[in-house]
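# Architecture and fold: a report
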Amino acid sequence: MALRVYNTLSGEKEVFVPITPGRAGMYVCGVTVYDYCHIGHARANVVFDVIYRYLGYAGYDVTYVRNYTDIDDKIINRANREGVDYRTISDRYIQAFDEDMERLGLAKPTVEPKATDHIGGIIAIIEALIAKGHAYESEGDVYYAVETFPDYLKLSKRNLDEMKAGARVEVGDKKRHPMDFALWKGSKPGEPWWQSPWGKGRPGWHIECSAMSMEFLGATFDFHGGGKDLVFPHHENEIAQSEAANGCQFVRYWLHNGFVNINSEKMSKSLGNFFTIRQVLEKFDPETLRFFILSAHYRSPIDFSDQNLDEAQAGLERIYSCLAALDEVLTAHPVPAGVPAGEPPAGAGLELQDRQENLIPRFCEAMDDDFNTAQALGVLFDAVRAANRFLAEMGEPEPAGLALIARTRDRFTEVGRVLGLFGSRPATWLEGVKSAKADQIHISPAEIEGLIAERAEARKTKNFKRSDEIRDLLLEKGIQLLDSAQGTTWKIR
């Protein structure tokens, strides 16, 4: 199955045909570095990290560009409030962003340019737009003339006349049309500036991304991504200025991830439901947040809540518990090198054989359908269920069964690399989650294990009353005991 992606420009799924066979160029709008990142940033960056990983897994040589907007009104305002240079603010929050993304397990993009390193390229594009009649200087500012570009608003499917009628025109406005947007802003007292043909100033927001993407990917490239909030005006304006300057199509496929809602309401600082990544990671494991994001299709809205994060953690625990069980068997019974697999066992073994053989093809089928990570995780859970049934019925391991377990484990690892999941040692990850949960209910793992040992001794001496008391005591604290032939384990309900 060929890779099909939903193109915001056409409003349809299209087969991906790279501009250069075997290669893929992708630009994703990065953050404006004036504050800590919120969970909306987490979603966008995890989504495009997985797309980047999958394109590479599918055999493409990928050039992935994700920028930093390191000059902006918000950066300048914060610098003025703190009485520091704007670079102090931008450097601080670039570092914070990098730390957050590392905790979320993101792979490094090919290039991470800063807007202020591309002032020369920005000025060159603006000069070309003025020369072609698409831009004009006005009292030290330079504006893009939207009426000169017939395809303006083709991405967002809006109507320019209707927007003009609804626009507020300020007294003394320097623009010819209310929808014209700034390419260059003349400097105000106390602001950072760069020299230009129009005097001292700094670039507008939209022109930065055109300059940086064209520098590293060329005049036309394959993918441009970002959140749905960027469709208008940012991406719309990128198209207008880039295509007017170059006379060719700017981007082939536009990809946009859906919004994050908080308890079914739009995230907003004014509503008090605004959460930074760092706040969320104080309560939840980073891989849990990543798993939660990937549990929904990237274009769909996603509802962030503690309950939904708890459910995501429970799902991730199921997979890690299966991986831990597979690792335990393989550690106790290594598969000898060169031993043929033989015929798989009957029953659950046949089912697992089928699941592991089809795991990668079904995973790729899901991902080839517009990067459907939710469906891909469903395929993974099918294999988990089959593996758990096989382990429960296995009895004394045979070479064929061990070989099947080893192949299954390898398939999970392969899928995990693409999704950026399951990179931790399963037993260690599970213990970490248990400890974090135990801290929340004010009982340590050591106390739990001590009570389990006391219960085991009580059962050995047939003191079933004490055994039941311990079980009920732990249950009241939210600790469920799981008895098996291998001993007693526990989990937090």
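Whatever comes next refers back to the structure up there.
The structure reproduced in this document is the subject of the present report. (Residues numbered from 1 in each chain as written. Predicted model: local features only at pLDDT ≥ 70, side-chain atom pairs only at ≥ 80, totals over all residues. Heavy atoms only, no water.)

### Some words on the overall build of the protein
If you tally the helices and strands in the protein, you get 16 helices and 15 strands. C-alpha extents for the protein along the principal axes are approximately 90 × 50 × 40 Å. Long-range contacts, defined here as pairs at least 24 residues apart, represent 76% of the contacts in the protein between residues at least 6 apart. Looking at charge distribution, the protein has the averaged site of its 57 positive side-chain charges lying 2 Å from that of its 72 negative ones. (Helix = DSSP H or I, 4+ residues; strand = E, 2+ residues; numbered from the N terminus. Contact = heavy atoms within 4.5 Å. Lys, Arg positive; Asp, Glu negative; His and termini not counted. Charge placed at Lys NZ, Arg CZ, Asp CG, Glu CD.)

### Thoughts on the packing of aromatic side chains
Within this structure, the stated rule accounts for 22 aromatic pairs. Aromatic pair F275 and F304: ring centres 6.0 Å apart, planes at 40 degrees, arrangement tilted. Of the two residues, F275 sits in the loop between β12 (265-266) and α8 (277-281) while F304 sits in strand β13 (residues 302-304), which places them 29 residues apart along the sequence. The partly exposed category is assigned to F275, whose relative accessible area is 30%. (Phe/Tyr/Trp six-rings, centres within 6.5 Å; stacked < 30°, edge-to-face > 60°. Buried < 20%, exposed > 50% of the residue type's maximum accessible area, 1.4 Å probe, protein only.)

### Points about the sheet that holds strand β7 (residues 181-186)
Strand order in the open sheet made by the 4 strands is β5-β6-β7-β8, with antiparallel pairing throughout. Among the strands making up the open sheet, the edge pair consists of β5 (135-138) and β8 (201-203). Along the sheet, successive strands turn relative to each other by an average axial angle of 20 degrees, direction set aside. In this fold helix α4 (residues 119-131) packs onto β5, β6 (141-144), β7 and β8, with an angle of close to 120 degrees to the strand it touches most, β7. (Pairing = 2+ DSSP bridges. Axes fitted to C-alpha atoms, helices over the stretch in contact; angles between N-to-C directions.)

### A short note on the environment of D180
Turning to its location among the elements, D180 is positioned in the loop between α5 (160-166) and β7. We classify D180 as buried; its relative accessible area is 3%. D180 sits 96 residues away from V84 along the chain, and the two C-alpha atoms are 32 Å apart. Setting aside residues no more than four positions away along its own chain, D180 makes contact with Y136, Y143, Y144, A145, V146 and K175. There is a polar contact of 2.6 Å between the side chain of D180 and the side chain of Y136. (Polar contact = N/O pair within 3.5 Å; in protein donor to acceptor, adjacent residues only side chain to side chain.)

### Some points on the sheet that holds β13
If you walk across this open sheet you meet the 3 strands as β12-β11-β13, and the pairing is mixed. Every other strand in the sheet has two partners, leaving β12 and β13 as the edge strands with one partner each. As defined by bridge partners, strand β11 (residues 260-262) adjoins β13 across 3 bridges and the pair is classed as parallel. Each bridged residue has a counterpart across the sheet, and for I262 the counterpart in β13 is F304. Contacts between helix α1 (residues 39-57) and the sheet are confined to β11 and β13, with β11 contributing the most and set at about 150 degrees to the helix.

### Side note on the side chain of S90
Checked against the element boundaries, S90 lands in helix α3 (residues 86-103). By relative accessible area, which is 2% here, S90 ends up buried. Once you skip the residues sitting within four places of it in the chain, S90 turns out to touch V33 and D70.

### Points about helix α12 (residues 373-393)
In this model, α12 (21 residues) spans 30 Å end to end at C-alpha, consistent with the 30 Å of a helix rising 1.5 Å per residue. Phi turns positive one or two residues past the end of α12, at G395, with a value near 70 degrees. (Expected span 1.5 Å × (residues − 1).)

### Here we look at the pattern of salt bridges
Within the structure shown, the criterion is met by 31 salt bridges. One salt bridge connects E82 with R92, and the closest N-O pair in it is separated by 2.8 Å. One end of the pair, E82, is in helix α2 (residues 73-82); the other, R92, is in helix α3, and 10 residues separate them in sequence. When its relative accessible area of 30% is taken as the criterion, R92 is described as partly exposed. Of the charged contacts, one joins R87 and D85 as a salt bridge, the two residues approaching to 2.8 Å between their closest N and O atoms. With relative accessibility at 47%, the residue R87 sits in the partly exposed group. Taken together, the shared-partner salt bridges in this structure form one network comprising D35, R78, E82 and R92. (Salt bridge = Lys/Arg side-chain N within 4 Å of Asp/Glu carboxyl O.)

### Notes on the pairing of strand β3 (residues 23-28)
With respect to burial, β3 is a largely interior element, 5 of its 6 residues being buried. Alignment of β3 against strand β4 (residues 61-66), held across 6 bridges, turns out to be parallel. Each residue of the ladder has a partner; that of Y27, found in β4, is V65. Bridge count for β3 against strand β9 (residues 221-227) is 3 bridges, and the pairing is parallel. Paired with Y27 across the two strands is H224, which belongs to β9.

### Observations concerning helix α9 (residues 286-294)
Since there are 3.6 residues in each turn of an α-helix, residues three or four apart along the chain are aligned in direction. A large share of α9 lies buried, amounting to 9 of its 9 residues. Every buried residue belonging to α9 is among P286, E287, T288, L289, R290, F291, F292, I293 and L294, and all of these are buried. Two to three positions downstream of the cap, the backbone nitrogen of E287 sits 2.9 Å from a side-chain oxygen, assigning the N-cap of α9 to D285.

### Concerning the packing of α4 against helix α6 (residues 205-217)
Packing of α4 against α6 leaves a shortest axis separation of 9 Å and a crossing angle of 105 degrees. It follows from the interaxial angle that α4 and α6 lie roughly perpendicular. Residues G121, I122, I125 and I126 of α4 lie in contact with α6, whose contacting residues are I207, E208, S210, A211 and M214. Residues belonging to the contact of α4 with α6 are distributed by class as follows: 6 nonpolar, 2 polar and 1 charged. (Parallel < 35°, antiparallel > 145°, perpendicular 65-115°, else oblique. Nonpolar A, V, L, I, M, F, W, Y, C, P; charged D, E, K, R; others polar.)

### Examining the environment of R471
With respect to the helices and strands, R471 occurs in helix α16 (residues 464-476). With 255 residues separating them in the primary sequence, R471 and F216 have C-alpha atoms 62 Å apart. In this structure, R471 is in contact with R455 and L481, ignoring residues within four places of it in sequence.

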